[in-house]
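Structural description and commentary
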Amino acid sequence: MRSTKAVIDLAALKHNFKTVKAIANNSKVMAVVKANGYGHGLVEIASALPEADMFAVATLEEALSLRKADIKQAILLLEGFFELEELPIIQQQNLQLVLHHQSQIDLIKSYQETAQIKAPIKVWMKCDSGMFRLGFALDQVESAHSQLSQLNIVEQPVKLMSHFSSADSDQNFSEEQIEKFTNATKEMLGQRSMANSAGILAHKRAHWDWVRPGLLIYGASPMPYTQGSDYDLQPVMSLESQLMAIKPITKGESVGYGRHWFADQNTNIGLVAIGYGDGYPRHAKNGTPVWVNGREVPLVGRVSMDMLAVDLGSDSQDSVGDRVVLWGKELPMEKVAPHAETIAYTLCCGVTRRVKFEYINGYS
Ligand SMILES: *Cc1c(COP(=O)(O)O)cnc(C)c1O
(Lines give C-alpha, C1' and ligand atoms only; values in the text may rest on other atoms or scores of the structure.)
Protein backbone atom coordinates (compact mmCIF):
# COMPACT_ATOMS: atom_id res chain seq x y z
CA MET A 1 0.00 0.00 0.00
CA ARG A 2 1.04 3.59 -0.59
CA SER A 3 2.63 4.56 2.71
CA THR A 4 1.97 8.29 2.74
CA LYS A 5 1.08 9.15 6.32
CA ALA A 6 1.03 11.81 8.99
CA VAL A 7 2.39 10.47 12.25
CA ILE A 8 1.08 12.47 15.21
CA ASP A 9 3.18 12.22 18.34
CA LEU A 10 0.93 12.83 21.33
CA ALA A 11 3.85 12.76 23.76
CA ALA A 12 5.37 15.69 21.87
CA LEU A 13 2.03 17.49 22.13
CA LYS A 14 1.97 17.01 25.91
CA HIS A 15 5.57 18.11 26.14
CA ASN A 16 4.80 21.32 24.22
CA PHE A 17 1.81 22.03 26.41
CA LYS A 18 4.07 21.77 29.47
CA THR A 19 6.58 24.10 27.83
CA VAL A 20 3.86 26.70 27.25
CA LYS A 21 2.70 26.30 30.87
CA ALA A 22 6.26 26.96 32.01
CA ILE A 23 6.61 30.07 29.83
CA ALA A 24 3.24 31.48 30.88
CA ASN A 25 3.52 30.25 34.44
CA ASN A 26 0.95 32.62 35.94
CA SER A 27 -1.73 32.12 33.32
CA LYS A 28 -4.30 29.56 32.39
CA VAL A 29 -3.95 28.02 28.96
CA MET A 30 -6.64 27.69 26.34
CA ALA A 31 -5.33 25.33 23.68
CA VAL A 32 -6.38 26.47 20.23
CA VAL A 33 -7.62 23.45 18.26
CA LYS A 34 -9.52 25.18 15.44
CA ALA A 35 -9.22 23.96 11.84
CA ASN A 36 -9.15 20.30 12.87
CA GLY A 37 -6.43 20.97 15.45
CA TYR A 38 -4.28 22.75 12.86
CA GLY A 39 -4.69 19.68 10.67
CA HIS A 40 -3.56 17.24 13.40
CA GLY A 41 -7.05 15.92 14.28
CA LEU A 42 -9.47 17.87 16.47
CA VAL A 43 -10.72 15.16 18.81
CA GLU A 44 -7.42 13.28 19.04
CA ILE A 45 -5.54 16.44 20.00
CA ALA A 46 -8.11 17.62 22.54
CA SER A 47 -8.42 14.15 24.07
CA ALA A 48 -4.66 14.05 24.61
CA LEU A 49 -4.71 17.32 26.58
CA PRO A 50 -6.68 16.75 29.78
CA GLU A 51 -4.32 19.38 31.29
CA ALA A 52 -5.73 22.13 29.07
CA ASP A 53 -7.78 24.64 31.04
CA MET A 54 -9.96 25.36 28.01
CA PHE A 55 -10.12 24.77 24.26
CA ALA A 56 -10.65 27.39 21.58
CA VAL A 57 -12.27 26.68 18.21
CA ALA A 58 -13.55 28.79 15.34
CA THR A 59 -16.92 27.19 14.66
CA LEU A 60 -19.90 25.77 16.53
CA GLU A 61 -19.49 22.51 14.57
CA GLU A 62 -15.97 22.10 15.94
CA ALA A 63 -17.21 22.72 19.49
CA LEU A 64 -20.03 20.20 19.11
CA SER A 65 -17.59 17.58 17.78
CA LEU A 66 -15.58 18.03 20.97
CA ARG A 67 -18.65 17.66 23.17
CA LYS A 68 -19.72 14.56 21.24
CA ALA A 69 -16.29 13.10 21.99
CA ASP A 70 -16.97 13.74 25.67
CA ILE A 71 -14.49 16.60 26.07
CA LYS A 72 -15.47 18.23 29.37
CA GLN A 73 -13.41 21.41 29.48
CA ALA A 74 -14.79 24.82 28.67
CA ILE A 75 -14.73 25.65 24.96
CA LEU A 76 -14.47 29.14 23.50
CA LEU A 77 -15.95 30.05 20.11
CA LEU A 78 -13.38 32.51 18.75
CA GLU A 79 -15.77 34.05 16.23
CA GLY A 80 -18.70 34.07 18.60
CA PHE A 81 -22.13 33.25 17.21
CA PHE A 82 -23.86 34.17 13.96
CA GLU A 83 -27.57 33.51 14.61
CA LEU A 84 -30.03 33.61 17.49
CA GLU A 85 -30.74 29.87 17.12
CA GLU A 86 -27.22 29.08 18.27
CA LEU A 87 -27.64 30.65 21.72
CA PRO A 88 -29.63 27.85 23.43
CA ILE A 89 -27.13 25.30 22.09
CA ILE A 90 -24.29 27.43 23.40
CA GLN A 91 -25.93 27.51 26.83
CA GLN A 92 -26.74 23.79 26.90
CA GLN A 93 -23.26 22.76 25.79
CA ASN A 94 -21.47 25.14 28.14
CA LEU A 95 -19.65 27.00 25.38
CA GLN A 96 -18.12 30.45 25.79
CA LEU A 97 -18.46 33.22 23.24
CA VAL A 98 -16.31 35.95 21.82
CA LEU A 99 -18.45 39.02 21.17
CA HIS A 100 -17.01 41.45 18.68
CA HIS A 101 -19.92 43.41 17.22
CA GLN A 102 -22.96 45.42 18.34
CA SER A 103 -25.27 43.17 16.29
CA GLN A 104 -24.36 40.27 18.59
CA ILE A 105 -25.17 42.30 21.70
CA ASP A 106 -28.54 43.21 20.15
CA LEU A 107 -29.29 39.55 19.49
CA ILE A 108 -28.44 38.60 23.07
CA LYS A 109 -30.69 41.41 24.35
CA SER A 110 -33.63 40.09 22.35
CA TYR A 111 -32.81 36.50 23.29
CA GLN A 112 -32.88 37.39 26.98
CA GLU A 113 -36.59 38.34 26.71
CA THR A 114 -37.68 34.83 25.70
CA ALA A 115 -34.87 32.54 26.77
CA GLN A 116 -36.13 29.19 28.11
CA ILE A 117 -32.75 28.26 29.48
CA LYS A 118 -31.46 30.44 32.28
CA ALA A 119 -27.87 29.24 32.31
CA PRO A 120 -25.59 32.28 32.12
CA ILE A 121 -23.83 32.94 28.83
CA LYS A 122 -20.09 33.34 29.32
CA VAL A 123 -18.75 36.03 27.04
CA TRP A 124 -15.41 37.52 26.11
CA MET A 125 -15.67 41.08 24.82
CA LYS A 126 -13.14 41.50 22.05
CA CYS A 127 -11.37 44.84 21.75
CA ASP A 128 -9.69 45.84 18.51
CA SER A 129 -6.35 47.23 19.62
CA GLY A 130 -5.01 47.64 16.10
CA MET A 131 -5.50 44.44 14.11
CA PHE A 132 -8.61 45.80 12.38
CA ARG A 133 -10.08 42.36 12.09
CA LEU A 134 -12.71 41.41 14.70
CA GLY A 135 -13.41 43.47 17.80
CA PHE A 136 -15.03 46.61 19.16
CA ALA A 137 -13.23 49.79 18.19
CA LEU A 138 -11.51 51.34 21.20
CA ASP A 139 -14.08 54.16 21.42
CA GLN A 140 -16.93 51.61 21.50
CA VAL A 141 -15.44 49.40 24.17
CA GLU A 142 -16.99 51.26 27.08
CA SER A 143 -20.47 51.33 25.59
CA ALA A 144 -20.35 47.65 24.63
CA HIS A 145 -19.11 46.78 28.11
CA SER A 146 -21.81 48.74 29.90
CA GLN A 147 -24.55 47.17 27.76
CA LEU A 148 -23.20 43.69 28.48
CA SER A 149 -22.88 44.45 32.17
CA GLN A 150 -26.61 45.12 32.35
CA LEU A 151 -27.67 41.80 30.82
CA ASN A 152 -28.81 39.24 33.39
CA ILE A 153 -28.29 36.35 31.03
CA VAL A 154 -24.61 37.26 30.63
CA GLU A 155 -22.22 35.99 33.31
CA GLN A 156 -20.53 38.88 35.13
CA PRO A 157 -17.97 40.24 35.05
CA VAL A 158 -17.57 40.05 31.29
CA LYS A 159 -14.16 38.72 30.21
CA LEU A 160 -11.92 40.84 28.00
CA MET A 161 -9.73 39.98 25.05
CA SER A 162 -7.70 41.39 22.21
CA HIS A 163 -5.40 40.02 19.52
CA PHE A 164 -1.91 40.87 18.25
CA SER A 165 -1.41 41.64 14.58
CA SER A 166 2.38 41.31 14.50
CA ALA A 167 3.76 39.81 17.68
CA ASP A 168 6.13 37.78 15.48
CA SER A 169 7.63 40.80 13.76
CA ASP A 170 6.85 44.28 15.10
CA GLN A 171 7.42 44.58 18.85
CA ASN A 172 6.88 48.35 18.98
CA PHE A 173 3.45 48.01 17.44
CA SER A 174 2.69 45.09 19.75
CA GLU A 175 3.62 47.24 22.75
CA GLU A 176 1.24 49.92 21.48
CA GLN A 177 -1.51 47.30 21.20
CA ILE A 178 -0.88 46.20 24.79
CA GLU A 179 -1.11 49.84 25.95
CA LYS A 180 -4.33 50.43 24.05
CA PHE A 181 -5.99 47.27 25.35
CA THR A 182 -4.83 48.03 28.89
CA ASN A 183 -6.12 51.60 28.80
CA ALA A 184 -9.44 50.79 27.15
CA THR A 185 -10.24 48.19 29.82
CA LYS A 186 -8.55 49.63 32.91
CA GLU A 187 -11.80 50.24 34.83
CA MET A 188 -13.13 46.76 34.04
CA LEU A 189 -12.98 43.73 36.30
CA GLY A 190 -13.05 40.69 34.04
CA GLN A 191 -10.29 38.21 33.22
CA ARG A 192 -8.12 39.16 30.27
CA SER A 193 -6.51 37.38 27.34
CA MET A 194 -4.36 38.68 24.52
CA ALA A 195 -1.42 36.44 23.70
CA ASN A 196 -1.34 34.00 20.79
CA SER A 197 1.81 31.91 20.27
CA ALA A 198 4.00 34.82 19.17
CA GLY A 199 2.61 37.03 21.95
CA ILE A 200 3.40 34.31 24.50
CA LEU A 201 7.04 34.22 23.39
CA ALA A 202 7.54 37.97 22.94
CA HIS A 203 5.36 39.71 25.55
CA LYS A 204 5.31 38.35 29.07
CA ARG A 205 3.29 41.33 30.27
CA ALA A 206 0.51 40.41 27.84
CA HIS A 207 0.05 36.92 29.27
CA TRP A 208 -2.62 38.14 31.68
CA ASP A 209 -5.11 35.54 32.95
CA TRP A 210 -5.31 33.34 29.85
CA VAL A 211 -2.90 32.65 27.01
CA ARG A 212 -4.11 31.23 23.68
CA PRO A 213 -1.41 29.09 22.07
CA GLY A 214 -2.08 27.38 18.77
CA LEU A 215 1.12 26.80 16.79
CA LEU A 216 3.30 26.33 19.90
CA ILE A 217 1.43 23.28 21.10
CA TYR A 218 1.98 21.67 17.69
CA GLY A 219 5.69 22.24 18.19
CA ALA A 220 6.48 24.95 15.66
CA SER A 221 7.83 28.45 16.18
CA PRO A 222 5.92 31.49 14.89
CA MET A 223 9.06 33.64 15.05
CA PRO A 224 11.00 34.23 11.84
CA TYR A 225 14.31 32.36 11.40
CA THR A 226 13.66 30.15 14.42
CA GLN A 227 12.44 26.63 15.00
CA GLY A 228 10.36 25.06 17.73
CA SER A 229 13.48 23.44 19.20
CA ASP A 230 14.82 26.95 20.00
CA TYR A 231 11.98 27.17 22.53
CA ASP A 232 12.05 23.57 23.79
CA LEU A 233 9.19 22.51 21.52
CA GLN A 234 8.94 19.25 19.57
CA PRO A 235 7.22 18.81 16.19
CA VAL A 236 3.99 16.88 16.69
CA MET A 237 3.31 16.04 13.04
CA SER A 238 5.65 14.05 10.89
CA LEU A 239 4.57 13.88 7.24
CA GLU A 240 6.17 10.83 5.69
CA SER A 241 6.23 8.78 2.54
CA GLN A 242 8.71 6.62 0.69
CA LEU A 243 10.79 6.44 -2.45
CA MET A 244 8.66 4.71 -5.09
CA ALA A 245 11.19 4.85 -7.92
CA ILE A 246 14.80 5.87 -8.49
CA LYS A 247 16.17 6.61 -11.93
CA PRO A 248 19.35 7.98 -13.44
CA ILE A 249 19.12 11.21 -15.40
CA THR A 250 21.76 12.65 -17.69
CA LYS A 251 22.97 16.23 -17.71
CA GLY A 252 20.60 18.47 -19.65
CA GLU A 253 17.39 16.43 -19.14
CA SER A 254 14.43 18.00 -17.33
CA VAL A 255 12.12 16.69 -14.60
CA GLY A 256 8.36 17.06 -14.22
CA TYR A 257 5.53 19.16 -15.62
CA GLY A 258 6.52 22.32 -17.43
CA ARG A 259 10.26 21.42 -17.37
CA HIS A 260 11.01 23.57 -14.32
CA TRP A 261 14.32 21.88 -13.50
CA PHE A 262 17.21 20.70 -15.66
CA ALA A 263 19.99 18.40 -14.46
CA ASP A 264 23.32 20.24 -14.58
CA GLN A 265 25.16 16.94 -14.17
CA ASN A 266 24.39 13.23 -14.35
CA THR A 267 22.51 12.27 -11.20
CA ASN A 268 19.80 10.06 -9.68
CA ILE A 269 16.22 11.24 -9.31
CA GLY A 270 14.03 9.84 -6.52
CA LEU A 271 10.25 9.83 -6.95
CA VAL A 272 8.41 10.27 -3.66
CA ALA A 273 4.80 9.15 -3.22
CA ILE A 274 3.30 12.43 -2.05
CA GLY A 275 1.96 15.46 -3.91
CA TYR A 276 -0.37 18.39 -3.66
CA GLY A 277 -3.31 15.94 -3.53
CA ASP A 278 -1.94 15.04 -0.10
CA GLY A 279 -1.41 18.64 0.93
CA TYR A 280 2.26 19.05 0.06
CA PRO A 281 2.43 22.61 -1.32
CA ARG A 282 2.56 22.82 -5.11
CA HIS A 283 4.37 26.13 -4.72
CA ALA A 284 7.42 24.45 -3.18
CA LYS A 285 10.35 25.51 -5.32
CA ASN A 286 13.39 23.71 -6.65
CA GLY A 287 15.68 23.24 -3.68
CA THR A 288 13.02 22.76 -1.00
CA PRO A 289 14.63 20.38 1.52
CA VAL A 290 13.31 16.81 1.76
CA TRP A 291 14.73 14.32 4.27
CA VAL A 292 15.95 10.97 2.92
CA ASN A 293 18.19 8.54 4.80
CA GLY A 294 19.67 11.01 7.24
CA ARG A 295 20.32 13.88 4.86
CA GLU A 296 18.42 16.70 3.16
CA VAL A 297 18.09 16.50 -0.60
CA PRO A 298 16.56 19.15 -2.86
CA LEU A 299 13.12 18.95 -4.43
CA VAL A 300 13.43 19.23 -8.21
CA GLY A 301 10.74 20.14 -10.74
CA ARG A 302 7.08 20.88 -10.10
CA VAL A 303 5.19 19.03 -7.40
CA SER A 304 2.54 16.80 -9.04
CA MET A 305 -0.78 15.75 -7.52
CA ASP A 306 0.45 12.35 -6.35
CA MET A 307 4.23 12.58 -6.35
CA LEU A 308 7.27 14.76 -6.34
CA ALA A 309 10.91 14.35 -7.36
CA VAL A 310 14.15 14.90 -5.45
CA ASP A 311 17.77 14.92 -6.57
CA LEU A 312 19.43 12.05 -4.68
CA GLY A 313 22.86 12.82 -6.10
CA SER A 314 25.12 10.94 -8.50
CA ASP A 315 26.47 8.58 -5.83
CA SER A 316 23.12 7.83 -4.19
CA GLN A 317 22.91 4.60 -2.17
CA ASP A 318 19.14 4.89 -1.60
CA SER A 319 16.64 2.14 -2.36
CA VAL A 320 13.03 2.04 -3.46
CA GLY A 321 10.91 1.82 -0.31
CA ASP A 322 13.20 4.00 1.82
CA ARG A 323 11.47 6.34 4.22
CA VAL A 324 11.13 10.00 3.26
CA VAL A 325 10.17 12.81 5.64
CA LEU A 326 8.58 15.94 4.15
CA TRP A 327 8.44 17.62 7.55
CA GLY A 328 8.63 16.48 11.15
CA LYS A 329 11.32 15.86 13.78
CA GLU A 330 14.02 15.36 11.15
CA LEU A 331 13.00 18.50 9.21
CA PRO A 332 10.91 21.20 10.92
CA MET A 333 7.96 22.74 9.06
CA GLU A 334 9.46 26.18 9.69
CA LYS A 335 12.40 25.21 7.48
CA VAL A 336 10.22 23.95 4.62
CA ALA A 337 7.61 26.72 4.62
CA PRO A 338 9.72 29.62 3.24
CA HIS A 339 10.62 27.51 0.18
CA ALA A 340 6.91 27.45 -0.64
CA GLU A 341 6.48 31.12 0.26
CA THR A 342 4.24 30.17 3.13
CA ILE A 343 4.23 29.61 6.90
CA ALA A 344 4.19 26.51 9.08
CA TYR A 345 0.49 27.09 9.82
CA THR A 346 -0.65 26.38 6.27
CA LEU A 347 1.52 23.30 5.90
CA CYS A 348 -0.04 21.38 8.78
CA CYS A 349 -3.57 22.72 8.13
CA GLY A 350 -3.35 21.65 4.50
CA VAL A 351 -2.72 17.91 4.86
CA THR A 352 -5.64 16.25 3.07
CA ARG A 353 -7.90 13.38 3.99
CA ARG A 354 -6.15 11.02 1.60
CA VAL A 355 -3.21 10.88 4.01
CA LYS A 356 -3.43 8.21 6.70
CA PHE A 357 -3.14 9.55 10.23
CA GLU A 358 -1.33 7.46 12.81
CA TYR A 359 -1.37 8.53 16.47
CA ILE A 360 1.57 7.43 18.57
CA ASN A 361 2.66 7.73 22.21
CA GLY A 362 -0.85 8.34 23.49
CA TYR A 363 -1.94 6.70 26.70
CA SER A 364 -5.53 6.06 27.50
C1 LIG B 1 -5.93 31.21 15.93
C2 LIG B 1 -5.96 32.12 17.07
C3 LIG B 1 -5.02 31.99 18.12
C4 LIG B 1 -3.84 31.03 18.06
O5 LIG B 1 -2.85 31.58 17.23
P6 LIG B 1 -1.37 30.96 17.19
O7 LIG B 1 -0.60 31.97 16.44
O8 LIG B 1 -1.50 29.68 16.44
O9 LIG B 1 -0.95 30.76 18.58
C10 LIG B 1 -5.18 32.80 19.22
N11 LIG B 1 -6.18 33.71 19.30
C12 LIG B 1 -7.07 33.87 18.30
C13 LIG B 1 -8.14 34.90 18.43
C14 LIG B 1 -6.99 33.10 17.14
O15 LIG B 1 -7.87 33.28 16.16
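Definitions and cut-offs
- Residues numbered from 1 in each chain as written.
- Predicted model: local features only at pLDDT ≥ 70, side-chain atom pairs only at ≥ 80, totals over all residues.
- Heavy atoms only, no water.
- Helix = DSSP H or I, 4+ residues; strand = E, 2+ residues; numbered from the N terminus.
- Buried < 20%, exposed > 50% of the residue type's maximum accessible area, 1.4 Å probe, protein only.
- Contact = heavy atoms within 4.5 Å.
- Areas by Shrake-Rupley, 256 points an atom, 1.4 Å probe, with all protein chains shown as cover.
- 1 Å grid on protein atoms, 1.4 Å probe; cavity = no way out; pocket = protein on both sides within 12 Å on 5 of 7 lines; lining within 4 Å.
- Points joined across faces, edges and corners; volume = space filled by probe spheres on them.
- Nonpolar A, V, L, I, M, F, W, Y, C, P; charged D, E, K, R; others polar.
- Phe/Tyr/Trp six-rings, centres within 6.5 Å; stacked < 30°, edge-to-face > 60°.
- Near = heavy atom within 4 Å.
- Polar contact = N/O pair within 3.5 Å; in protein donor to acceptor, adjacent residues only side chain to side chain.
- Sits in = over half its atoms within 2 Å of the grid points.
- Axes fitted to C-alpha atoms, helices over the stretch in contact; angles between N-to-C directions.
- Parallel < 35°, antiparallel > 145°, perpendicular 65-115°, else oblique.
- Left-handed = near helix turned anticlockwise from the far one by under 90°.
- Domains from an automatic or database assignment.

1. What about the overall build of the protein?
- Looking only at helices and strands, the protein has eleven helices and 18 strands in total.
- Along the first, second and third principal axes, the C-alpha atoms of the protein reach 75 × 45 × 35 Å.
- Counting over 364 residues, the protein shows a buried share of 52%.
- Long-range pairs, those at least 24 residues apart, make up 66% of the contacts in the protein between residues at least 6 apart in sequence.
- Summed over all atoms, the accessible surface of the protein reaches about 16400 Å², with 51% contributed by carbon and sulfur.

2. Regarding the layout of surface pockets
- When its volume is computed, the largest pocket comes out at roughly 960 Å³.
- Along the walls of the largest pocket sit 40 residues, with D168, L215, P222, I343 and Y345 positioned nearest its centre.
- Elements represented by at least two residues in the lining of the largest pocket include exactly helix 2 (34–38), helix 9 (197–202), helix 10 (333–336) and helix 11 (344–349).
- Its residues assigned to classes, the lining of the largest pocket shows 22 nonpolar, ten polar and eight charged.

3. Some thoughts on the packing of aromatic side chains
- Applying the stated criterion across every chain yields a total of six aromatic pairs.
- Ring centres of Y280 and W327 lie 6.0 Å apart, and the angle between their planes is 20°; this geometry places the pair in the stacked category. Of this pair, Y280 sits in the loop between strand 13 (267–272) and strand 14 (289–292) while W327 sits in strand 17 (residues 323–327), and the two are 47 residues apart along the sequence. Each member of the pair Y280 and W327 is classed as buried.
- One aromatic cluster in this structure is built from Y38, Y218 and Y345.

4. Description of the site of the ligand
- The immediate surroundings of the ligand are formed by 14 residues, with K34, Y38, S197, G214 and Y345 found nearest.
- Y38 places a side-chain nitrogen or oxygen 2.5 Å from an oxygen atom of the ligand.
- With respect to the ligand, the side chain of R212 contributes an N or O atom lying 2.9 Å from a nitrogen atom.
- Isolated, the ligand exposes 390 Å² of accessible area, and the fraction of that covered by the protein chains is 92%.
- Of the pockets mapped on this structure, the ligand occupies the largest pocket.
- A class-by-class count of the residues in the shell around the ligand yields six nonpolar, four polar and four charged.

5. Structural notes on the packing of helix 6 (residues 102–114) against helix 7 (residues 141–149)
- Interhelical geometry of helix 6 versus helix 7 gives an angle of 15° and a closest axis separation of 11 Å. The orientation of helix 6 relative to helix 7 falls into the category roughly parallel. Crossing geometry of helix 6 relative to helix 7 is assigned as left-handed. Mapping the contact onto sequence places Q102, I105 and K109 in helix 6 and A144, Q147 and L148 in helix 7.
- When its residues are assigned to classes, the contact of helix 6 with helix 7 shows three nonpolar, two polar and one charged.

6. Some details on empty space enclosed by the protein
- The tally for this structure, following the rule as stated, stands at one cavity of 30 Å³ or more.
- Estimates place the volume of the largest cavity at around 50 Å³.
- Lining the largest cavity are Y218, G219, A220, P235, M237, W327, G328, L331, P332, M333 and E334.
- For the lining of the largest cavity, the residue count by class is eight nonpolar, two polar and one charged.
- Each of domain 1 (10–223) and domain 2 (237–360) contributes no fewer than three residues to the lining of the largest cavity.

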